[in-house]
Amino acid sequence: MANSISTPPDEGHAKGRDKYERLVARAQSLARLKVAVVHPCDAASLGAALDCADIGLISPVLIGPLAKLQATAATLGRDLSNFEIVDVPHSHAAAERAVELVKAGRAEALMKGSLHTDELMAAVVRRDGGLRTARRISHCFVLDVPGHGSALIITDAAINIAPTLDEKVDIVQNAIDLAHALKVEEVRVAILAAAETVNSRMPSTIEAAALCKMADRGQITGAILDGPLALDNAIDMGAAQIKNIKSPVAGRANVLVVPDLEAGNMLAKSLTFLAGADAPGIVLGTRVPIILTSRADSSRARLASCALASLVAEAQRSKHAMMGV
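All values reported here derive from a predicted model rather than from experimental measurement. (Residues numbered from 1 in each chain as written. Predicted model: local features only at pLDDT ≥ 70, side-chain atom pairs only at ≥ 80, totals over all residues. Heavy atoms only, no water.)

Chemist: Quick rundown of the overall build of the protein? Include the residues and the values.
Modeler: Scanning the protein from terminus to terminus reveals eleven helices and eleven strands. The C-alpha radius of gyration computed for the protein amounts to 20 Å, which stays within 12% of the reference 20 Å derived for 325 residues, consistent with globular compactness. Every one of the 325 residues in the protein was classed for burial, and the buried ones make up 52%. Long-range contacts, defined here as pairs at least 24 residues apart, represent 71% of the contacts in the protein between residues at least 6 apart. (Helix = DSSP H or I, 4+ residues; strand = E, 2+ residues; numbered from the N terminus. Rg over C-alpha atoms; globule rule 2.2 N^0.38 Å. Buried < 20%, exposed > 50% of the residue type's maximum accessible area, 1.4 Å probe, protein only. Contact = heavy atoms within 4.5 Å.)

Chemist: Tell me about the sheet that holds strand E7 (residues 188–192), and name the residues and values.
Modeler: The eleven strands lie next to each other as E3-E2-E1-E4-E11-E10-E5-E6-E9-E7-E8, forming an open sheet whose pairing is mixed. Only two strands of the sheet have a single partner each, and these edge strands are strand E3 (84–87) and strand E8 (224–229). Bridge count between strand E10 (residues 281–284) and strand E11 (residues 290–291): two bridges; the pairing is antiparallel. Bridge pairing in E11 links Val283 to Ile290. (Pairing = 2+ DSSP bridges.)

Chemist: Which residues make up the environment of Ala25, and what values do they have?
Modeler: Assignment of secondary structure puts Ala25 in helix H1 (residues 18–28). On the basis of relative accessibility, which here comes to 35%, the residue Ala25 falls in the partly exposed class. Through-space distance from the C-alpha of Ala25 to that of Ala304 is 9.8 Å; in sequence the pair is 279 residues apart.

Chemist: Which residues make up the nonpolar core, and what values go with them?
Modeler: Ile153, Val172, Leu178, Val189, Ile191, Ile220 and Leu225 are the most contacted members of the largest nonpolar core, which has 59 residues in total. When residues in this core are grouped by element, the largest group, nine residues, is from helix H11 (residues 299–323). Those residues in contact with Val189, other than ones at most four positions away along the chain, are Val172, Ile176, Ala223, Ile224, Leu225, Asp226, Val249, Val255 and Val257. Residues Ile63, Ala98, Val102 and Ile137 belong to the second largest nonpolar core, which totals 26 residues. (Core = buried A, V, L, I, M, F, W, Y, C linked by side-chain atoms within 4.5 Å.)

Chemist: Break down the packing of helix H6 (residues 165–181) against helix H7 (residues 203–216) for me, with residues and values.
Modeler: Interaxial distance between H6 and H7 falls to 11 Å at its minimum, and their mutual angle equals 55 degrees. The angle between H6 and H7 falls in the class oblique. The hand of the H6/H7 crossing is right-handed. For the pair H6 and H7, contact is made by Leu165, Lys168, Val169 and Val172 and by Glu207, Ala210, Leu211 and Met214, respectively. Here the residues of the contact of H6 with H7 sort into six nonpolar, no polar and two charged. (Axes fitted to C-alpha atoms, helices over the stretch in contact; angles between N-to-C directions. Parallel < 35°, antiparallel > 145°, perpendicular 65-115°, else oblique. Left-handed = near helix turned anticlockwise from the far one by under 90°. Nonpolar A, V, L, I, M, F, W, Y, C, P; charged D, E, K, R; others polar.)

Chemist: Tell me about the pairing of E7, and name the residues and values.
Modeler: Counted residue by residue, E7 has five buried out of five residues, so it is predominantly covered. Along E7, one buried face is formed by Arg188, Ala190 and Leu192 and the opposite face, lined by Val189 and Ile191, is buried too. When E7 meets E8, the two strands line up parallel, connected through four bridges. Paired with Arg188 across the strands is Ile224, a residue of E8. For E7 and strand E9 (residues 255–257), the ladder comprises three bridges, and the chain directions are parallel.

Chemist: Go over the environment of Pro60, please, and point to the residues and values.
Modeler: Tracing the sequence through the fold places Pro60 in strand E2 (residues 58–64). Of the residues examined, Pro60 reaches a relative accessible area of 8% and is grouped as buried. Filtering out sequence-adjacent residues up to four positions away, Pro60 remains in contact with Val35, Val37, Ala53, Phe83 and Glu84.

Chemist: Which residues make up the pattern of salt bridges, and what values go with them?
Modeler: Summed over the entire model, instances satisfying the criterion amount to 14 salt bridges. A salt bridge links Asp54 to Arg78; the shortest N-O distance between them is 3.0 Å. Of this pair, Asp54 sits in helix H2 (residues 43–54) while Arg78 sits in the loop between helix H3 (66–76) and E3, placing them 24 residues apart in sequence. Relative accessible area serves as the criterion here: at 28%, Arg78 is assigned to the partly exposed category. Here Lys168 and Glu207 are joined by a salt bridge, their closest N and O atoms 2.7 Å apart. Residue Lys168 is located in helix H6, and its partner Glu207 is located in helix H7; the two are separated by 39 residues in the primary sequence. Classification of Lys168 as buried rests on a relative accessible area of 5%. (Salt bridge = Lys/Arg side-chain N within 4 Å of Asp/Glu carboxyl O.)

Chemist: Account for the confidence of the model for the protein, with residues named and values stated.
Modeler: Chain-level pLDDT for the protein is 91 on average; 93% of the residues reach the 70-or-more range. In this model residues 1–16 is a low-confidence stretch, pLDDT under 50, and it forms 29 contacts with partners more than four residues away in sequence or in other chains. (pLDDT = per-residue confidence, 0-100.)

The following block contains the structure:
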């Protein structure tokens, strides 16, 4: 039985985090997620994995050089004797071993430790022996912005630098599937651009319109799409009304699809550092969810990232059960 939620002290903003409290509590009601933690050889990444284990979210397998793991645990005042450890010589080997554990059915998710994201993802996306699926791999932030009524899924701000229209189809579908895993009742997707009208000189507006039509034709499913929409009239009803935009998405979007990584990265960091939002994130489109943590993440965001992975994995298990896989 999972413990009741007890989060470590948050070094960030403490107010208005009930959305994450509910998210973590829901994940705690599920079986512990088996997570391969890849090279957690600094205090932030190892501490995050142990915190998630302490409150019943995950059963971690710690993969890295044994001496470094033990030394890091000592700085935290923690004992690793009750955790499974896979001793490997370096971070590259840790990434490769983590992928092997997933393929052997010994891990249901990956969690990034103190290695570069590119190094972890290189093992994941390798065509021979990686964890690719038919879907494009993409990343979603789930931001709890103080003062905003609902959590916002922002994609893609971490993986795809300048996605094509075809790649954006998968990016949008991954985000929709995440929203369903989080039990969002009505998924409203805003395809963002700098303007809310189609302009031939702004390719992002043309692609936004195309994505909406693709949803009309069933090429994207499970959500209501609208775009192009500027950020203000995507999330603020007053701004949408001033522009006389009438749609079920405008002013009420809960998924924001950015035109490229630079725009998404700046949007997410603006909300994090200027608006006090936490930004847990997850990589989708792979065989298992991947938890990407940052050294700048708050304790709450790290816990929420693990909770996201747990809920996504549960949704995947349910889907496979329905399909008889």
